[in-house]
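A structural walkthrough
Listed below, chain by chain, are the residues.
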Amino acid sequence: MVTQVCGTNDSHLKLIEEHLGVPVFTRGNEISLDNGDDHIRRQFRFIIDRILDEIADGGESSPDLVASILNGGCDDGPFDAAAHAIAVPGASRKIYPKTRQQARLVQAFRSHDLVFAAGPAGSGKTFLAVAEAMRLVLSHAVRSVVLTRPVVEAGENLGFLPGSLQEKISPYLRPLYDAMEAVLPRDAVRALGEHGVIEVAPLAYMRGRTLRDCAVILDEAQNTTVEQMRMFLTRMGDGAKVFVTGDVTQVDLPKKKMSGLVHALRVLRPVDDIGFVTLTEADVVRSALVRKIVQAYEHEQDEY
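All residue numbers refer to position in the chain's written sequence, counted from 1. The predicted origin of the model limits local features to residues at a pLDDT of at least 70 and limits the giving and counting of side-chain atom pairs to 80 or more, whereas totals for whole chains, interfaces and linings rest on all residues. Derived side-chain values reflect all non-hydrogen atoms in the structure, with water molecules and hydrogen atoms excluded from consideration.

Paired through their backbone hydrogen bonds, the strands of a sheet run either parallel or antiparallel. Two strands make a pair as long as DSSP finds a minimum of two bridges between them. The way it works is that DSSP assigns letters per residue, a run of H or I at least four long becomes a helix, a run of E at least two long becomes a strand, and they are numbered from the N terminus. Taken together, the six strands give an open sheet; going across it, the order is β5-β4-β6-β7-β3-β8, and neighbouring strands pair in parallel fashion. Both outer strands of the open sheet, β5 (198-202) and β8 (274-278), are each paired with one neighbouring strand and no more. Neighbour-to-neighbour, the strand axes of the sheet open up by a mean angle of 15 degrees, direction not taken into account. Here five bridges tie strand β3 (residues 114-118) to β8, and the two strands are oriented parallel to one another. Its bridge partner being in β8, Val115 is matched across the sheet by Gly275. Here, two residues are considered to be in contact whenever any of their heavy atoms come within 4.5 Å of each other. Helix axes are fitted to C-alpha atoms over the stretch in contact, other axes to C-alpha atoms as well, and angles between N-to-C directions run from 0 to 180 degrees. The sheet contacts of helix α9 (residues 226-233) involve β3, β4 (144-149), β6 (214-218) and β7 (241-246), and relative to β7 the element is tilted by about 160 degrees. Sitting on the sheet, helix α10 (residues 260-267) touches β3, β7 and β8, and the angle it makes with β3 is about 120 degrees.

Right, here's the structure in full:
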């Protein structure tokens, strides 16, 4: 692990030294500063913790990764990732935003009861929404978490799915479970589901309900119709926190149907007390290759 943090020929340490302005040394399995005031030492500990966190999360140990952490993951200078960290009770580590726009999304979650997060695949919108929802329920700020998404097939006809309702919708909600299990141990997620703290349901089952004292995530919202989105948003009750996530470039609705997310982003923009955060390819943290893929498709769309 120390080798991954230091990099080939200590290339990562050299970047850290340039950033902090003080020498960094390795002694066996320890990495330390030769000198520096308390502020620099706090920065150093934070940087090393972030690198270890990224590596544990499957990130590639590379100079690009270290530079991204040192620069706050964006081109317009560093930001205070620690101030926007999501601390989920029972989790083994804090969830840090990796870009400035992700930090703005976390802030929007904290300051608004309804937040729209639009962005490409891999930009962290769903993961951060799940992490914040788990924080809210496990810190007893809300009583439950409700996960929902429209059951729309991505250009394929899957046919009849056998089994119970839970078994039918499980494939559609698997990305949300993956996000939860990245935050908490699988057994803990399963226990919360068995006790009714986590509820999963297709969007159609929201009609007629009033969602109170819970954190609600509507994922893949670009595949809602305008009518479905209006129905869903009017389910909000007292004490509800609602996070709507989606990618407006991946709409799987019939061509003549307008996306409820696209419509809502336009119609609700003037409404006070609603948070709107748009992520871009610069926020894609799934892998460097995914970022390049998103950029290539966006470039192709611009040409037409």
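There is more to say, and it comes next.
Stacked, tilted and edge-to-face are the three classes applied to pairs of Phe, Tyr and Trp rings, where Trp contributes its six-membered ring and a pair requires centres within 6.5 Å; stacked means planes under 30 degrees apart, edge-to-face means over 60, and tilted covers the rest. This model, assessed by the stated rule, comprises two aromatic pairs. Look at Phe109 and Phe243: their rings are 4.3 Å apart centre to centre, the planes differ by 40 degrees, and that puts the pair in the tilted class. Residue Phe109 is located in helix α5 (residues 100-111), and its partner Phe243 is located in strand β7; the two are separated by 134 residues in the primary sequence. The same class applies to Phe109 as to Phe243, namely buried. Ring plane angle 10 degrees and centroid distance 5.4 Å describe the contact between Phe116 and Phe276, whose orientation is recorded as stacked. Each residue is assigned to one of three classes by its accessible area relative to the maximum for its type, calculated with a 1.4 Å probe on protein chains only: buried under 20%, partly exposed between the two thresholds, exposed over 50%.

The next subject is the pattern of salt bridges. Salt bridges, as used here, are contacts in which a Lys or Arg side-chain nitrogen is within 4 Å of a carboxyl oxygen on Asp or Glu. In total, this model carries nine salt bridges according to the counting rule given. The residue Lys241 makes a salt bridge to Asp113 at a minimum N-O spacing of 3.9 Å. Of the two residues, Lys241 is situated in strand β7 and Asp113 in the loop between α5 and β3; the sequence distance between them amounts to 128 residues. By relative accessible area, which is 12% here, Lys241 ends up buried. One salt bridge in this structure joins Glu181 and Arg186, with 3.3 Å as the shortest N-O distance. For Glu181, a relative accessible area of 22% gives the class partly exposed. One salt-bridge network, in which partners are shared between bridges, spans Arg174, Asp178, Glu181 and Arg186.

Without other data, these values stay purely geometric and don't point to any function.
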